[in-house]
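In case you want the letters, here they are:
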Amino acid sequence: MGKVAVITGGAQGIGKGIAERLGNDGFKIVISDMNIDLAQETVKEFKEANIDALAVKGNVSKQDEQFAVVKEAVDKFGSVDVFINNAGIDQVEAVEDITPENLEKIFNVNVFGTVYGTQAAAKQMKKQDNGGKIINACSIAGKTAFELLGAYSATKFAVHGLTQVSAKELAQFNIKVNAYCPGIVGTGMWDRIDEGMVEYKGMKQGEAWQEQVDNIPLQRSQTPEDVASLVSYLASSDADYMTGQAINIDGGIEVH
């Protein structure tokens, strides 16, 4: 179909799962990641699977780099039809222990990065006859706060709000903005969260993870492919009438 999808933080974890799924859906893929070596390895893997892909080094917390990623995507493939603000970082700290440095770091990536990615994508999509889709990484922690994830939850609540505002402002340009809200996904991020819980709660390694998994009604942890299936829908023409939504895909942890 010739459409182009940009995925920030797309070299590993959920981002890689999304990139692979969209590539198999027929999108040309642009992976933006700070780890350019890993991004290039992922692109090589994709090309061996007949997915047309490009690796671009990009720090989402830098506005100019987000715009540069979009420019490289357009220079290579001609358009940006879907932009996925996937890159994010976690932080496990009690509220009273959050330092200014850590607070600034997590907001720079999770919130500022989403704003800058939205700005860069929207500027390009306004030039295109068919508009486009911006899809943000939220979280169930962006709807219900979790203890020891105060700063992380705050950033995801912010992403939830930004998704709604952007959807309203950009609808007139046929740009839809939605978000996906994963739960307990077996990636490196949850490994780090588990380590943090060990420190704060005196748990053994893996106990925090297992405790969370045991609370999932569908009785299994989530995979990047589970998340990618929702993003595939949001990126498709089937979701052309959907905007401003933050959709849970968490195995039933948060039921509203």
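The structure under discussion appears in the preceding block.
Keep in mind it's a predicted model, so treat the numbers as computed, not measured.

Draft legend 1. Up close: helix 3 (residues 63-77). Between its terminal C-alpha atoms helix 3 stretches 22 Å, which fits the 21 Å expected from 15 residues at 1.5 Å a residue. Residues of helix 3 that are buried include every one of Q66, V69, V70, A73 and F77, and no others. End-on, the buried residues of helix 3 take up no more than an arc of 95°, which puts them together on one face. Of the residues in helix 3, the exposed ones pointing more than 90 degrees away from the buried face are D64, K71 and D75. Against the buried residues of helix 3 lie strand 1 (4-8), strand 2 (28-33), strand 3 (53-57), strand 4 (82-85) and helix 4 (100-125). Backbone geometry just after helix 3 places G78 at a positive phi near 100°.

Draft legend 2. Up close: the packing of helix 3 against helix 4. Axis separation between helix 3 and helix 4 bottoms out at 8 Å; the angle between their running directions is 35°. Helix 3 and helix 4 meet at a crossing whose hand is right-handed. The residues of helix 4 that touch helix 3, namely those facing Q63, Q66, F67, V70 and V74, are G113, Y116, G117, Q119, A120, A121, K123 and Q124. A class-by-class count of the residues in the contact of helix 3 with helix 4 yields six nonpolar, six polar and one charged.

Draft legend 3. Representation of the nonpolar core. In terms of nonpolar packing, the biggest core is built from 29 residues, with I18, L22, I29, I31, I84, I135 and Y180 touching the most fellow members. At the level of secondary structure, the elements contributing two or more residues to this core comprise strand 1, helix 1 (13-25), strand 2, helix 2 (36-48), strand 3, strand 4, strand 5 (132-137) and helix 8 (224-235). For this core, the leading source of residues is helix 8, giving six residues. Aside from chain neighbours lying at most four places away, what touches L22 is A5, F27, I29, I84, V231, S232 and A235. One finds F83, A120, L170 and I175 within the second-largest nonpolar core, a separate group that totals 20 residues.

Draft legend 4. Representation of helix 5 (residues 150-170) within the structure. Here helix 5 spans 30 Å end to end across 21 residues, near enough to the 30 Å set by a 1.5 Å rise per residue. Here helix 5 has its buried residues at A151, Y152, S153, T155, K156, V159, H160, T163, S166, A167 and L170.

Analysis parameters
Residues numbered from 1 in each chain as written. Predicted model: local features only at pLDDT ≥ 70, side-chain atom pairs only at ≥ 80, totals over all residues. Heavy atoms only, no water. Helix = DSSP H or I, 4+ residues; strand = E, 2+ residues; numbered from the N terminus. Expected span 1.5 Å × (residues − 1). Buried < 20%, exposed > 50% of the residue type's maximum accessible area, 1.4 Å probe, protein only. Arc of directions from axis to C-beta. Contact = heavy atoms within 4.5 Å. Axes fitted to C-alpha atoms, helices over the stretch in contact; angles between N-to-C directions. Left-handed = near helix turned anticlockwise from the far one by under 90°. Nonpolar A, V, L, I, M, F, W, Y, C, P; charged D, E, K, R; others polar. Core = buried A, V, L, I, M, F, W, Y, C linked by side-chain atoms within 4.5 Å.

This is a description of form; function is not addressed.
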